[in-house]
Amino acid sequence: MTVLYESQRAMRNLRRQAMQRGVIAVMDVGTHKVACLILKFGVSDGPREGSGVGNMAGQAAFRVIGAGTTCSRGVRFGEIVAMRETERAVRTALQNAQKMAQTRVDHAILTFSGGDMRSYGLEGSVELESERVSENDIARVLDACDAPDLGHGREALHAQPVNFVLDHRSGLADPRGQAGRRLGCDMHMLGVDTDVVQNLVHCLKRCDVEVAGLAAAPYVSGRASLVEDEQELGAAAIDLGGGTTTLSIFIKGHMIYADTVRLGGDHITGDIAKGLQIPYSTAERIKTFHGGLMATGQDDRQRIEIGGDSGDWEKDRRTVTRSELIGIMRPRMAEILEEVRARLDVAGFDHLPSQQIVLTGGGSQVPGLDGMAARILGPQVRLGRPIRVPGLPQAATGPEYAAIVGLCQYAAHPQDEWWDFDIPAQMFAARPLKRAMKWFRDNW
Amino acid sequence: MSALKSDEPPAMRARTDSAWVWPDRLEVTPPAVPAGRPVRSRSLPKGRWSIDMPDRAWPPLPEGMRAARGPEGDLLEPFAEEEPELDAVPFETVPAPRRPQADLDRPEAPVTPAVPGFIAQSRAAKGFVGGGDTPEGGFSFQLGANAAAVMDWPVEDEAPRRHDPSPSRLAYRLNRMWLTPGIRRFVRFGLPLLLVLSFAAGWMSKPENRAMLEASINGVIDHVQNQPMFRVNSAEVISASPEVAEGVESLLNLHFPVSSWDLDLAELRATAESLDAVEGAWLQIRSGGVLEIRLTERVPAMVWRAPEGLYLVDDEGHRVARLATRAARADLPLIAGEGATAAVAEAQTLWAAAAPIQSRMRGLVRVSERRWDVVLDRDQRILLPAEGALEALERVVAMSEGVQQQLLSRDVQIVDMRNPARPTLRLTAAAMQDLTRNRNQSTGASSR
């Protein structure tokens, strides 16, 4: 745990360094696309009057000065399977963004959805040293949380204190300075495969960019697509991505559960390609232009030319009805949503006071998804788009950019993590002087 | 990778366009065939129809000389060995229409040429002009003669190649380097500056280049300075006396015409003022190319008898001119002695104070650069003190005025006023003898 603590703190220091320099890149390495935004800090003086952008969450502190998106290569299920190819895609996105920003970036914050993310809820409690809760007490109680066995080769990606309990009062966001005897804490920890993360970090290092932070895609897309009251009252954000579908549950402003389903829009495309015997690119195109989930009588009459380049005149002039296309897409989407439903059930989403479900990600643009999701997931379903951040190009405002927009917000205003607090003095053998001072204070 | 490949539908492996299509589900591109590599084949490749077939010769034959091929790519008819009679060849050829793709499966009947051995091509007929009269000898092209060369054809460059949009590692690094502000500034400003400077230094390091540059610069300067508006044609010296004007003009030694750029007025002024008679000079180049010199002359106040001759000096003691004889300026007082010119002002006051005895005065002599002697005729001298000379002189004048005293009319050689408290007279030798004799007579002392 100490290794992780040190590495996370090192990344945090890098992030601070980049913030001081004023330019940092945020990067989303997905299965379908690799997107990169370059943020400049300390330039924007807030949203313009009448632009419709409120001072939400203070994201006026930065401005997007460069954006680059390219098709992803060598990534499956959010994990790298061909490092060189992924490196090329990352290079393309980075270079485009740098060209637009006319500056070079040396630090990047990364989000990804692979690595088999698993949530753990931890709790711990300590007796207070003094009458009031101090910073050190919080560090102690975070340290007192009994860490679960994440498994071999797994590490914590996020470890966020979600809730504090002081004696019998629960639901405290910030107990510092409050009087009490016993301080308890609930922590949410997200475990992830180390190798997957290491591959991503190595890939970025090969592009001469230091990783200055890591964030889970479900977390950041939830932060981008859920509005504040949904984050407070409880909601699930479901990001239908290319290779994975991620879901995160928020309540009281904190993420309490995150999970990924290794199914996504690319599987729908694959189904279409296999079912209609057409190239993958054509299938993607047909899915994007004509796809749907609810068949109507009109769809039986609408014929779609699926084409082909085989040289066979008959084969190249095939058409399908839109109903057939929907008939291919619908079962796969149902499967994805069923899988999400299962994960939500495991997480106990039914017991939340508010069961708002927000669908975002590129896959959420399929017409008829809201109706289908309402049938499978629950009645309160809406389609979410990411919040607006200053300087974001129009092309990057769609729901498929939810994760990276949330990552911008995360870069500007990270929530407290376990490693943001100092290790309590008695645990840290590297500070004998401080221990000696403490011993003197305690005994005289 | 082959496992990945096998679960993909066969449609994906169909021929794709040259355009980049994404996402690439195979994630690895198939091994690329190096472009331009000639493929040598024993058998003729099977094309779908003749217009897709490559020309089986490299370099390609001119348009009219290509053999026509059947739908399977085979040669429709071998060329005739002997040249056909050109007159008998009808040049009317009918181009084969492009068939609809629907009935491609039914092979078309081979095109039968109108004349044996002379084949109309089945693609567009616009290029067909009848190759019989080409300078290379018409259709002497033979398939069997150089079969190896004929069977080679290049693989087309573009067809299997996909354009990879990603920058290479080197390009990416160079791009990032270019976006680094310091390097960018250096390349944009520092490097050109360095280049220009080094070129200039290298050029200037050769002496002939320097001389050439200097000559060309001087040429330009001369050209500009010799413009008519800068020309000075004459000098006009304005002075009180024509002698001084002439002297200044000859001293300045100007040769007209001259450019005003070459005239150093300050230096000219200094030269003009170096003449003794000139107190000040005022120079101006007037319009019309006239150099105007206004001179202020010195006014002679005294005559100074220097060891080498007589000079006129002004009231500051500065020499004005040489004087041939004292009589030329008898109206001016005469001074002499070492350091006399330094005390001209005092001499003037003394001269003014001695106005009653002016008719007798010969001049003033400076002694030891300290005090004045007034020299009168009859070798009389009045020795004045260094301090209070004026008062002493006034006393002497007073003693020589009037009826009673008449000091200077007597037989006195020197009136010594150097000690004002004790004026002393030195009589002439005859007067002294007379005085002694008179005294002896009055006292009755023997003269011994």
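### Here we look at the pairing of strand 8 (residues 154-166) of chain A
All names here are of chain A.
Step number 1: Of all 13 residues in strand 8, 11 are buried, a share of seventy percent or more.
Step number 2: Pairing of strand 8 with strand 10 (residues 182-193), which is carried by 11 bridges, proceeds in the antiparallel orientation. Within the sheet, the bridge partner assigned to Arg-154 lies in strand 10 and is Asp-193.
Step number 3: Of the strand pairs in this sheet, strand 8 and strand 9 (residues 169-172) are connected by two bridges, and their pairing is antiparallel. Counted as the bridge partner of Phe-164 is Leu-172 from strand 9.

### Some details on the packing of helix 8 (residues 344-353) of chain B against helix 9 (residues 389-400) of chain B
All names here are of chain B.
Step number 1: For the pair helix 8 and helix 9, interaxial distance at closest approach is 10 Å and the crossing angle is 20 degrees. Relative to helix 9, helix 8 is oriented roughly parallel. When you trace helix 8 past helix 9, the crossing you get is right-handed. Only Ala-389, Leu-390, Leu-393, Glu-394 and Val-397 of helix 9 make contact with helix 8, whose side of the interface consists of Glu-346, Thr-349, Leu-350 and Ala-353.
Step number 2: Here the residues of the contact of helix 8 with helix 9 are counted per class, giving six nonpolar, one polar and two charged.

### Examining the pattern of salt bridges
Step number 1: Per the stated rule, a full pass over the model turns up 43 salt bridges over all chains.
Step number 2: Each of Arg21(A), Arg104(A), Asp106(A) and Arg176(B) takes part in a single network of salt bridges with overlapping partners.

### Remarks on the sheet that holds strand 10 of chain A
Residues and elements named next belong to chain A.
Step number 1: Strand order across the open sheet formed by four strands is 7-10-8-9, with antiparallel pairing between neighbours. Looking along the sheet, the strands with just one partner apiece sit at the ends: strand 7 (118-127) and strand 9. Put simply, the sheet's adjacent strands are angled 35 degrees from each other on average, direction ignored.
Step number 2: Strands strand 8 and strand 10 of the sheet are contacted by helix 4 (residues 194-206), whose axis makes an angle of about 70 degrees with strand 10.

### Here's the deal with the packing of helix 2 (residues 83-101) of chain A against helix 3 (residues 169-178) of chain B
Step number 1: Relative orientation of the contacting elements helix 2 of chain A and helix 3 of chain B amounts to 25 degrees, with a least axis distance of 11 Å. When the axis of helix 2 of chain A is compared with that of helix 3 of chain B, the two are roughly parallel. Between helix 2 of chain A and helix 3 of chain B the crossing geometry is left-handed. Together, Glu87(A), Arg91(A), Leu94(A), Gln95(A) and Gln98(A) of helix 2 of chain A and Arg169(B), Tyr172(B), Asn175(B) and Arg176(B) of helix 3 of chain B make up the contact between the two elements.
Step number 2: Tallied by class, the residues present in the contact of helix 2 of chain A with helix 3 of chain B amount to two nonpolar, three polar and four charged.

### With respect to the packing of aromatic side chains
Step number 1: Tallied over the entire structure, the rule returns five aromatic pairs over all chains.
Step number 2: Taken together, a centroid distance of 5.9 Å and an interplanar angle of 35 degrees make the contact between Trp304(B) and Tyr311(B) tilted.
Step number 3: The exposure class assigned to Tyr311(B) is buried, which follows from its relative accessible area of 7%.
Step number 4: An aromatic cluster of three or more residues is present, and its members are Tyr219(A), Phe250(A) and Tyr410(A).
Step number 5: Over the ring of Tyr311(B) we find Arg319(B), and its NZ or CZ is 5.1 Å from the ring centre.

### Observations concerning the environment of Arg371(B)
All names here are of chain B.
Step number 1: Note that Arg-371 resides in strand 13 (residues 371-376).
Step number 2: Separated by 18 residues in the primary sequence, Arg-371 and Ala-389 have C-alpha atoms spaced 7.7 Å apart.
Step number 3: For Arg-371, the residues in contact, after removing those within four places along its chain, are Val-365, Arg-366, Leu-383, Leu-384, Pro-385, Ala-386 and Arg-418.

### Some details on the confidence of the model for chain A
Step number 1: For chain A, per-residue confidence averages 88 on the pLDDT scale, and 93% of positions sit at 70 or higher.
Step number 2: Long-range and interchain partners of residues 55-59 of chain A, a stretch whose pLDDT sits below 50, account for 11 contacts in this model, where long-range means more than four residues apart.

### Concerning the sheet that holds strand 7 (residues 290-297) of chain B
Residue and element names in this part refer to chain B.
Step number 1: Overall, mixed pairing links the three strands, which are arranged 4-7-6 in an open sheet. On the outer flanks of this sheet lie strand 4 (234-238) and strand 6 (278-286), each paired with one strand and no other. For this sheet, the mean angle separating the axes of adjacent strands, direction not counted, is 20 degrees.
Step number 2: With respect to the sheet, helix 6 (residues 242-252) is in contact with strand 4, strand 6 and strand 7, its orientation differing from that of strand 7 by roughly 125 degrees.
Step number 3: Packed on one face of the sheet, helix 7 (residues 265-273) meets strand 6 and strand 7 and runs near 150 degrees to strand 6.

### Observations regarding the side chain of Asp299(A)
Step number 1: Here Asp299(A) is to be found in helix 9 (residues 297-301).
Step number 2: Since its relative accessible area comes to 3%, Asp299(A) is described here as buried.

### As for unusual backbone geometry
Step number 1: Cis geometry is adopted by the peptide bond preceding Pro257(B), which originates at Phe256(B) and carries an omega value of -5 degrees.
Step number 2: Summarising the element assignment, Pro257(B) is placed in the loop between helix 6 and strand 5 (258-259).
Step number 3: A positive phi angle, near 50 degrees, is found at Asp116(A), a position not held by glycine.
Step number 4: At Ser368(B), a position not held by glycine, the phi torsion is positive, near 55 degrees.

### With respect to the environment of Val375(B)
All names here are of chain B.
Step number 1: Take Val-375: it is sitting in strand 13.
Step number 2: Sequence separation between Val-375 and Ile-414 is 39 residues; the distance between their C-alpha atoms is 9.4 Å.
Step number 3: Ignoring any residue separated from it by four or fewer positions in sequence, one finds Val-375 in contact with Met-361, Arg-362, Gly-363, Val-365, Gln-380 and Arg-381.

### Quick look at a nonpolar patch on the surface
All names here are of chain B.
Step number 1: Judged by side-chain polarity, Leu-170, Leu-174, Met-177, Trp-178, Ile-183, Phe-186, Val-187, Leu-191, Leu-194, Leu-195 and Phe-199 come together as a nonpolar surface patch covering roughly 1000 Å² of accessible area.
Step number 2: Secondary-structure elements contributing two or more residues to the nonpolar patch are helix 3 and helix 4 (181-204).
Step number 3: Among the elements that line the nonpolar patch, the one with the most residues is helix 4, at seven residues.
Step number 4: Along the chain, Leu-194 falls in helix 4.

### Quick notes on the nonpolar core
All names here are of chain A.
Step number 1: Of all hydrophobic cores here, the largest spans 73 residues; its most connected members are Val-26, Met-27, Leu-39, Val-90, Leu-94 and Phe-112.
Step number 2: For this core, the leading source of residues is helix 13 (residues 402-412), giving eight residues.
Step number 3: If we skip the residues at most four places from it in the chain, Val-90 touches Met-27, Val-29, Val-34, Cys-203, Leu-204 and Cys-207.
Step number 4: Within the second largest apolar cluster, 41 residues are counted, among which are Ile-272, Leu-276, Ile-328 and Ile-336.

Conventions we followed
- Residues take numbers from 1 onward in each chain, read along the sequence in its written order.
- Working convention: letters from A go to chains and numbers from 1 go to ligands, in the order in which they are written.
- Restriction of local features to residues with pLDDT of at least 70 applies here, the model being predicted, together with a cutoff of 80 or more for giving and counting side-chain atom pairs; totals for whole chains, interfaces and linings are based on all residues.
- Heavy atoms throughout the structure, all of them, feed into the side-chain values; hydrogens and water do not.
- Three exposure classes are used, based on accessible area relative to the maximum for each residue type with a 1.4 Å probe and protein chains only: buried under 20%, partly exposed in between, and exposed over 50%.
- Helix and strand definitions follow DSSP, with helices as H or I runs of at least four residues and strands as E runs of at least two, each counted in order from the N terminus.
- We treat two strands as partners when DSSP finds at least two bridges between them.
- Axes, fitted as lines to C-alpha atoms, cover a helix only where it is in contact. Angles between the N-to-C directions of the axes lie from 0 to 180 degrees.
- Every angle not falling under 35 degrees, over 145, or within 65 to 115 is termed oblique; those three ranges are roughly parallel, roughly antiparallel and roughly perpendicular.
- By definition, turning the near helix anticlockwise from the far helix through less than a right angle yields a left-handed crossing, and turning it clockwise yields a right-handed one.
- Contacts were defined at the residue level, with two residues in contact if any of their heavy atoms lie within 4.5 Å.
- Ten residue types, Ala, Val, Leu, Ile, Met, Phe, Trp, Tyr, Cys and Pro, are classed as nonpolar, four, Asp, Glu, Lys and Arg, as charged, and the remainder, Gly among them, as polar.
- Note on definitions: salt bridges are taken to be side-chain nitrogens of Lys or Arg within 4 Å of carboxyl oxygens of Asp or Glu.
- Classification of ring pairs rests on two measures: the distance between centres of Phe, Tyr or Trp rings, Trp counted by its six-membered ring, which must be within 6.5 Å, and the angle between planes, read as stacked under 30 degrees, edge-to-face over 60 and tilted in between.
- Our definition puts a charge over a ring when NZ of Lys or CZ of Arg is within 6 Å of the ring centre and also within 35 degrees of the ring normal.
- Each residue carries a pLDDT score, the predictor's own confidence in it, on a scale running from 0 to 100.
- Within the patch definition used here, like charges are joined within 9 Å and nonpolar side chains (Val, Leu, Ile, Met, Phe, Trp, Tyr) within 5 Å, considering only residues with over 30% relative accessible area and no salt bridge.
- Throughout, the Shrake-Rupley method with a 1.4 Å probe supplies accessible areas, and for residues the shown protein chains are the sole cover considered.
- Residues enter a nonpolar core if they are buried and are Ala, Val, Leu, Ile, Met, Phe, Trp, Tyr or Cys, with the set joined through side-chain atoms within 4.5 Å.

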